[in-house]
Amino acid sequence: MGELIDALAVALKAGLGFQAIFLALLAIGINVQFGYTGLLNFGQIAFAMLGGYGIAISVSKWGLPFWVGVAVGILAAVVLALLLGLPTLRLRADYLAIATIAAAEGLRLLFRSVSATPVTNGTRGLSGFNADFVALAPWDTARRYPILGTQWSGAELWVTTVGWLLVALSCLLIWLLVRSPWGRVVKSIREDEDAVRALGKNVYVYKMQALVLGGVLGALGGMVYALGTASANPDQYQNANTFLAYAALILGGAARVLGPVVGSMLMFFIIQFADTGLRTLIDNGVIPEDLLSATDVAQIRFVLIGLGLMLLLVFRPQGIFGDRREVMLDAR
Amino acid sequence: MPADPTAGQPAPHGAHAASLDPAAAGRAPRLLARAALRDVPWEVGVAKPDPAIVVDGVTRTFGGLTAVSVDHLEVQRGGITGLIGPNGAGKTTLFNLLTGFDQPNTGSWSFDGRPLGKLAPHQVARLGVVRTFQLTKALSRLTVLQNMLLGAQGQKGESFLRALVPGTWRAQERANTEKAMDLLTRFKLDRKKDDFAGTLSGGQRKLLEMARALMSDPKVVMLDEPMAGVNPALTQSLLGHVKDLREQGMTVVFVEHDMDVVRDISDWVVVMAAGKVIAEGPPESISQNQAVVDAYLGAHHDAPLTVEEEDRVLAEAEAAIAREENADGDVIGSDTRREEDR
């Protein structure tokens, strides 16, 4: 029993940790693009990578202050959004999807390539760029703090605090936006672009704004991740993360302000709980070693997540926060 | 018909005309438009006394097919102009061109003297030319009221930064909501205001789309088949609303297939076939126009021939062949052979 509570505590830490924040910020960005505006961005991780590397390269390679690194990361995300959006947003939705998925994979390969090594340090990645950030913490970062049955390092706690603050501010921003006439236009674009054009709105500009905003949120997520791991490595930014963020968004409920946040927390909680829980059960002999060995747990937990998502889509297609009536309109 | 406008009104008109004063604002513009058009000759490309839209030499080709080729067309301000023609005549393509949804290969057109040639759809709409679509575009997952509010022009809260400061757009939003509710009441959709537009019936969507277009205070309303797929009772109500637009001084251009509807509400009818304007004139002139009859009934096209006509054409052709083959002309022989064929 005590072990199960431990497993819960570990899972809770994962649900609150910087990885959940990373996923939440990616998903909030996707929510703006996909949930509200109907844009298919399948390369959200590219924005996160630019955010993370914006700090990493600026600080450890160019010796710039931390805040300049943040600005560089955001600027890079804006530029990427514009580059992807300018040619594709006048076309059908599929073109943006293709362009973003290619950009995400292409950028990662570029960052780990030999020719980029002088700047990005290739596959070895960059580290030692978060000293300035950790120094900002109001508490002693060398100590460890016991919270809810788990140990948190001071630095970890600081990243998490700042991260959740960012998530809260992003949610506030999205909440303000979607209840305004701006949000109404954007949601209408999701429903039917031509109708919105016929009513005198410049659809292209709105789509671009949504793409840039979502991209910047993704970049913030990447920064939190880079600061949390204290390193930046191209292979941390696999495009699978984009789809994990989509899954979190759908789990929480698309086009809902808190949907992506709760979805991400729950996602990491479930992944971690399945992981520790299964390991505990195997160690205690509840699950026979022949049926499932400890080494298989890493894979089987994603099978469980997949199964859970399938059940969710069958029995609650609107996600946790969604409105069933709204989702069912599409099923006609 | 122009002499006594009330005689042509179907009974259900009274249901929605309540919001208007029929005597003052009501009849005058309608008579103006009809009266102004009375002396206009019934010719293709004729100049109107007060044109709102002028089209010049517009062509649009899709590959080898010329979808639209209009030399000159003027639309009278403040009138209802019906655009009719067989399927594939280019009516919708012309609509798309005029509203910026498609770009022509050649030609120019203007609205109130301002050229519209290179404008994007939203710029055309901002000038006061709004359109509806043949396949209704209700924004399903928005409520009816939100659909309406989207139509309002010049909204401060639609800019990204001002959206974040509700104080800058609250008052405007309230005013727009009031206006939207007025319109919804007129279109009998006020009780549906909080329903998703996706739950409305086909006819209600048509109403909503028209009401939404009116939120922008348009000068020209272009309706693409407003009555298609609408039941007869609702058609009457829609007709009434279209007439109301004219009474309020708007210029209406609409595409329609139902000739009774066209005859009922149009001040002027433009007939298109195979991309060209083949006739224009007041509604009563159209049914007598030979070009229109040809286009619709297909004297030279694909309509089946009558038995008598078939016999005559066949006899003529065989006579011609016989004359070529034989100088004597064995017409009787070929006639009997045809009898046997039957």
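Residues numbered from 1 in each chain as written. Chains lettered and ligands numbered in written order. Predicted model: local features only at pLDDT ≥ 70, side-chain atom pairs only at ≥ 80, totals over all residues.

Novice: Can you explain the overall build of chain B? Please cite residues and give values.
Specialist: Assigned secondary structure in chain B consists of 13 helices and ten strands. For chain B, the residues scored as buried account for 40% of the 342 residues in total. Taking the intrachain contacts of chain B between residues at least 6 apart in sequence as the baseline, contacts between residues at least 24 apart amount to 69%. (Helix = DSSP H or I, 4+ residues; strand = E, 2+ residues; numbered from the N terminus. Buried ≥ 20, exposed ≤ 12 C-beta atoms within 10 Å, placed from the backbone. Contact = placed C-beta atoms within 7 Å.)

Novice: Before we move on, can you summarise the interface of chain A and chain B with the specific residues and values?
Specialist: Contacts between the two partners involve 23 residues from chain A, matched on the other side by 32 residues from chain B. Where the side of chain A that touches chain B is concerned, the elements lending two or more residues are α8 (154-178), α9 (181-191), α10 (193-198) and α15 (324-328) of chain A. A total of seven residues in the side of chain A that touches chain B trace back to one element, the largest contributor, which is α9 of chain A. Looking at the side of chain A that touches chain B residue by residue, the classes come out as nine nonpolar, five polar and nine charged. (Nonpolar A, V, L, I, M, F, W, Y, C, P; charged D, E, K, R; others polar.)

Novice: Could you give me a rundown of the sheet that holds strand β8 (residues 251-255) of chain B, with the residues and numbers involved?
Specialist: All names here are of chain B. Taken in spatial order, the six strands line up as β6-β7-β8-β3-β9-β10 in an open sheet, and their pairing is mixed. The open sheet has two free edges, formed respectively by β6 (129-131) and β10 (276-281), since each of these has just one partner strand. When the angles between neighbouring strand axes are averaged without regard to direction, this sheet yields 20 degrees. In the sheet, strand β3 (residues 80-84) pairs with strand β9 (residues 268-273) via four bridges, with the strands oriented parallel. Bridge assignment links Thr81 to a residue of β9, and that residue is Trp268. Across the face of the sheet, helix α2 (residues 91-98) comes into contact with β3, β6, β7 (220-224), β8 and β9 while running at roughly 145 degrees to β7. Against the sheet, helix α8 (residues 232-247) contacts β3, β7 and β8, and its axis sits at roughly 150 degrees relative to β8. (Pairing = 2+ DSSP bridges. Axes fitted to C-alpha atoms, helices over the stretch in contact; angles between N-to-C directions.)

Novice: Quick one: what's the story with the pairing of β10 of chain B, residue by residue and with numbers?
Specialist: Here β9 of chain B runs beside β10 of chain B; their pairing, made up of five bridges, is antiparallel. For Met272 of chain B, the partnering residue across the bridge sits in β10 of chain B and is Val277 of chain B.

Novice: So what's going on with helix α2 (residues 18-36) of chain A? Which residues, and what values?
Specialist: One turn of the α-helix equals 3.6 residues, which is why residues spaced by three or four share an orientation. All names here are of chain A. When the terminal C-alpha atoms of α2 are compared, their 25 Å separation across 19 residues agrees well with the 27 Å that a helix rising 1.5 Å per residue should span. At Ile30, α2 shows its maximal kink, close to 35 degrees. Counting buried positions along α2 yields 19 of 19 residues, so the element is predominantly enclosed. Where α2 ends, the next residue or the one after it, Gly38, has phi of about 80 degrees, a positive value. (Expected span 1.5 Å × (residues − 1). Bend = angle between axes of the 7 residues up to and from the residue.)

Novice: An account of the packing of α8 of chain A against helix α11 (residues 203-229) of chain A is needed here, citing residue identities and associated values.
Specialist: Residues and elements named next belong to chain A. The contact between α8 and α11 brings their axes to 10 Å, and the two run at 170 degrees. Here α11 runs roughly antiparallel to α8, going by the angle between their axes. Counted together, Val159, Gly163, Leu166 and Ser170 of α8 and Leu217, Leu220, Val224, Leu227 and Gly228 of α11 form the full contact between these two elements. Classifying every residue of the contact of α8 with α11 by side-chain character gives six nonpolar, three polar and no charged. (Parallel < 35°, antiparallel > 145°, perpendicular 65-115°, else oblique.)

Novice: Describe the pairing of β7 of chain B, naming the residues involved and giving the relevant values.
Specialist: Residue and element names in this part refer to chain B. In terms of residue burial, β7 counts as a mostly covered element, since five of its five residues are buried. Side chains Val220, Met222 and Asp224 project from β7 onto one buried face, and the interleaved Val221 and Leu223 project onto a second face that is buried too. With three bridges connecting them, β6 and β7 associate as parallel partners. Looking across to β7, one finds that Val130 is bridged to Val221. Looking at chain direction, β7 and β8 are connected through five bridges and run parallel. Across the sheet, residue Met222 finds its bridge partner in β8, namely Val253. A crossover connection joins β7 to the parallel β8 through α8; in handedness this β-α-β unit is right-handed. (Right-handed = clockwise from strand over helix to strand, strands pointing away.)

Novice: Give me the confidence of the model for chain B: which residues, what numbers.
Specialist: All names here are of chain B. Confidence in the prediction of chain B, expressed as mean pLDDT, is 81, and 84% of residues score 70 or more. Between the elements of chain B, mean pLDDT differs from a low of 45, seen in helix α13 (residues 331-341), to a high of 95, seen in helix α4 (residues 144-150). Segment residues 1-26: pLDDT under 50, and 29 contacts once partners within four positions in sequence are set aside and those in other chains are kept. Low pLDDT, under 50, characterises residues 329-342; the predicted model gives this stretch eight contacts beyond four residues in sequence or across chains. For this predicted complex, the interface confidence reaches an ipTM of 0.87, while the overall pTM sits at 0.85. (pLDDT = per-residue confidence, 0-100.)

Novice: Account for the UniProt feature "transmembrane region" (unreviewed entry) in chain A, with residues named and values stated.
Specialist: Residue and element names in this part refer to chain A. With numbering aligned to this structure, UniProt lists the feature "transmembrane region" (unreviewed entry) at residues 12-32, 39-60, 66-86, 157-178, 210-231, 243-271 and 298-315. Between the end C-alpha atoms of residues 243-271 the distance is 15 Å, and the span holds 79% helix and 0% strand. For the annotated span residues 298-315, helix accounts for 100% and strand for 0% of the residues, and the straight-line distance between the end C-alpha atoms is 27 Å. (UniProt positions renumbered as here; feature names shortened; annotations may be inferred.)

Novice: With reference to specific residues and values, describe the sheet that holds strand β1 (residues 51-62) of chain B.
Specialist: Residue and element names in this part refer to chain B. Pairing is antiparallel across the open sheet formed by four strands, whose spatial order is β2-β1-β4-β5. Of all the strands in the sheet, the pair left with one neighbour each is β2 (65-76) and β5 (114-115). As paired elements, β1 and strand β4 (residues 106-111) share five bridges and run antiparallel to each other. Looking across to β4, one finds that Ile53 is bridged to Phe111.

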